[in-house]
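Descriptive structure summary
Residues per chain, in single letters:
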Amino acid sequence: MGGNCDTQEKFAELQNFIDSIEDKRGALIAVLHRAQQLYGYLSNEVIFYVSEKLVIPSSKIYGVISFYSYFTTKQRGKYVINVCLGTACFVRGAEAIMKEFEKELNIKAGESTKDMKFTLSGLRCIGACGLAPVVMINDKVYGRVEVDQIKKIIEECEKEAE
Amino acid sequence: MNNYRMHLLVCGGTGCTSSDSLKLVDELKESIEKHGISNEVEVVITGCFGFCEKGPILKVYPDDVFYVTVKPEDAEEIVEEHVIKGRQVERLLYVEPNLKVKLEGQKDLPFYKKQIRIALRNCGFINPEDINECLAADGYQALAKCLCEMSKEEVIETVIKSGLRGRGGGGFPTGLKWKYTSNNASDVKYIICNADEGDPGAFMDRSILEGDPHSVLEAMAIAGYAIGAEHGYIYIRAEYPLAIHRLEIAITQARELGLLGIDILGTGFNFDVELRYGAGAFVCGEETALIHSIEGARGEPSTKPPFPAQCGVWDKPTCVNNVETLANIPPIFLRGADWFRTIGTEKSPGTKVFALAGKVNNVGLVEVPMGTTLREVIYDIGGGIKNNKEFKAVQTGGPSGGCITKENLDIPIDYESLNSIGSMMGSGGMIVMDEDNCMVNIAKYYLEFTKEESCGKCTPCRVGNKRLLEILDKITQGNGTEQDLADLVELGEIIKDTSLCGLGQTAPNPVLSTLHYFYDEYLAHVREKKCPAAVCESLLSYIILPEKCVGCTACAKVCPVPCILGEVKKTHVIDQSKCIKCGACYNTCKFSAIAKR
């Protein structure tokens, strides 16, 4: 990374966002949200940039990032598969759904496939409990998912990716 | 403004939009356009109706005809038949499962009969993205009344008199919280709306914000006036994009009409609201942790006192109220504290919203008067247990709560009664479990959650809960002893007594309550090494039922070991000494001939 115009553009956008905040007290979390939205994850480069702009030590920023599960310092795949592990989904079989995804993709929850096509992770309740068990892939919600549909769901994504 | 003869109200909550309700809206609009009746009929996207099980929901107003599981392709028929010809589309009506009769009106549905909707009054009725619809439903009238006719003291007194208690779980009297914050003199004070709904399986706050965001803004302004705050924060989970979107719209519209901002309604009162996003940390629902998170730091709790009412955000007096609590405020001022007290029980007036989920027929949001029994909620409103299975337990209070068994189903719900049976009100998650759920596994699930979410600041919570989880893990693996059960209780009590904040102080509850009510099930795990519900994999074995096996060989083909023996068209057998319990055969068999024991 670094130096290419795409990155420069994003830094400019992040700069604009930071500038637009009048009261910078307590703005760190909002800035990190915006940064993650722009880059997909929070690299060291981004952390140092934010550190400089908000005048907060990078160690402190890292402390905040590692505290909140929403923030990630690892690059994520094109399709982020979030299996809802909220209680409603859990009692309706979310564990088996997660296991099947792990088996089909041959990765564990929290990991990405080598080709960076898929990232598998768990999620705490998106509130669509009527549709439990629920799987969210990027922004699309799959409701009442059954174990034998999972292969098809993955194939669907793969087809779309091509 | 157009005067429409008919409104089609379509649910735009997270549940229904996940099943294509917005596409349904597009199709309806297109069809209405095509038939040239756009000036007679309007399609409105509303907040959640609560009946999520049967979503997407479409209600025809004013006919009060309630259609369920409506698909985009049903749009044309609804417009042609119902809207134009006045004939109901019978196949989309709700069918009462016991009586097998079709019910047309919302009020006829057993799901709604016992409900009283105060906090959810506008959800499923108004378009949350249009402030005019909110104003037409008495929005901001309570604020006007407070600012123009009442002193600060009278406002606080009214809330105290109503008996409203915090709906986020603690049940602390809201009026007193306001009074304490008001009593602390300071040039700057803050009011915070806690919308960090972290209990997995609870979605009432999200639905209120999605369906009626203005009621929360209005209540915050009233609270601001009462305690002397000009600034409000709404701390909301980043996982709720739709609620955030609607709040942003609501704040902008309220500012445009001068209902937020400088000199509200010409009374000289200034108040504005800012959104702050959570980032996935359950502990931030605790008010001191939440305050640290608003300040942009790690959301770790701190010791109380000092309470936020004395020293909160930026060390200024701060009042933190939950979404549902705030949504109750405007009706209290419009209809009076005495009216509010007529609903619910003596000590817990008003209603409570529950997110009814799990193994129950009608999953959804339910608002009932305090004092309603669990049986009424689960059987009369929830329609009983799915697939006619046996009821086992209902879990309330999420990761901080406990399980309630059949014997206690007739207890009237309020803060005290739930505490007395080892559970708690919590934010209102209500998860129903049936005979197929293993209570040890459920306790383990909650402990995994709290272990993950423990912030790590105090030792009992950080280390103690991890030890609890390890013991539970050992038990579900078949390596537990009776001493482990005694250790769970002892350790659990210590964690409760010594943790710093509410998270640690309640984390062992799911374990202690399941141990109390389902001791036999724990014993079966440690003594007989059996899981009675056939959930814990290490403790169960797969067997082939000879009377059902047709000898199709499908199971033998998928078995990875392989340990399934048998010839074509003859009964197969699993060699238990080799079986690795992967469950592949169980999932493959089309004849239900493989059982878990």
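Residues numbered from 1 in each chain as written. Chains lettered and ligands numbered in written order. Predicted model: local features only at pLDDT ≥ 70, side-chain atom pairs only at ≥ 80, totals over all residues. Heavy atoms only, no water.

To continue, consider the overall build of chain B. A count of helices and strands for chain B gives 24 helices and 20 strands. Judged by the C-alpha coordinates and their principal axes, chain B covers about 85 × 65 × 40 Å. Taking all 597 residues of chain B together, the buried fraction comes to 59%. Of all intrachain contacts in chain B linking residues separated by at least 6 positions in sequence, the fraction that spans at least 24 positions is 69%. Across chain B, 63 positive and 80 negative side-chain charges occur, with their mean positions spaced 6 Å apart. (Helix = DSSP H or I, 4+ residues; strand = E, 2+ residues; numbered from the N terminus. Buried < 20%, exposed > 50% of the residue type's maximum accessible area, 1.4 Å probe, protein only. Contact = heavy atoms within 4.5 Å. Lys, Arg positive; Asp, Glu negative; His and termini not counted. Charge placed at Lys NZ, Arg CZ, Asp CG, Glu CD.)

This part takes up the packing of helix α2 (residues 28-39) of chain A against helix α3 (residues 44-54) of chain A. Residues and elements named next belong to chain A. At a minimum axis separation of 11 Å, α2 and α3 run at an interaxial angle of 145°. Once α2 is placed against α3, the crossing between them reads as right-handed. Where α2 approaches α3, its residues Leu28, Val31, Ala35 and Tyr39 are matched on the opposing element by Val46, Val50 and Leu54. Looking at the contact of α2 with α3 residue by residue, the class counts come to seven nonpolar, no polar and no charged. (Axes fitted to C-alpha atoms, helices over the stretch in contact; angles between N-to-C directions. Left-handed = near helix turned anticlockwise from the far one by under 90°. Nonpolar A, V, L, I, M, F, W, Y, C, P; charged D, E, K, R; others polar.)

Residue and element names in this part refer to chain B. In terms of domains, chain B is made up of domain 1 (6-113), domain 2 (132-336), domain 3 (351-427), domain 4 (439-526) and domain 5 (541-596). Of note, the centres of domain 1 and domain 3, computed from C-alpha atoms alone, are 29 Å apart. Summed over both sides, the interface between domain 1 and domain 3 buries roughly 650 Å², with carbon and sulfur atoms accounting for 51% of that surface. Scanning the region where domain 1 abuts domain 3 turns up one salt bridge. Put simply, Lys386 and Glu53 hold a salt bridge, and the shortest N to O gap is 3.1 Å. Linking domain 1 with domain 3 are four residue pairs in polar contact (both at pLDDT 80 or more). (Domains from an automatic or database assignment. Buried area = accessible area lost by both parts, 1.4 Å probe. Salt bridge = Lys/Arg side-chain N within 4 Å of Asp/Glu carboxyl O. Polar contact = N/O pair within 3.5 Å; in protein donor to acceptor, adjacent residues only side chain to side chain.)

All names here are of chain B. Where burial is concerned, most of strand β7 (residues 190-195) is hidden: six out of the six residues are buried. Covered by surrounding structure in β7 are Tyr190, Ile192 and Asn194 together with Ile191, Cys193 and Ala195, the residues of both alternating faces. Alignment of β7 against strand β8 (residues 231-236), held across six bridges, turns out to be parallel. Pairing of Ala195 across the sheet is with Ile236, part of β8. Bridge analysis of β7 against strand β11 (residues 318-322) gives five bridges, and the strand direction is parallel. Looking across to β11, one finds that Ile191 is bridged to Cys319. (Pairing = 2+ DSSP bridges.)

What follows is about the pairing of strand β13 (residues 364-369) of chain B. All names here are of chain B. The buried fraction of β13 amounts to six of the six residues, a majority that puts the element mostly inside the structure. Of the pairings in the sheet, the one linking strand β12 (residues 351-358) to β13 comprises six bridges and is antiparallel in character. Residue Leu356 lies in a different strand from β13, and its bridge partner there is Gly364. Connecting β12 to the antiparallel partner β13 that follows it, the hairpin turn spans five residues.

The subject of this paragraph is the packing of helix α10 (residues 213-227) of chain B against helix α11 (residues 241-256) of chain B. Residues and elements named next belong to chain B. Taken N-terminus to C-terminus, the directions of α10 and α11 make an angle of 55°; their axes are 9 Å apart at the nearest point. Viewed along their axes, α10 and α11 adopt a mutual orientation that is oblique. The way α10 lies across α11 gives a crossing that is right-handed. Contact residues: Pro213, His214 and Leu217 in α10; Arg246, Leu247, Ala250, Ile251, Gln253 and Ala254 in α11. Looking at the contact of α10 with α11 residue by residue, the classes come out as six nonpolar, two polar and one charged. (Parallel < 35°, antiparallel > 145°, perpendicular 65-115°, else oblique.)

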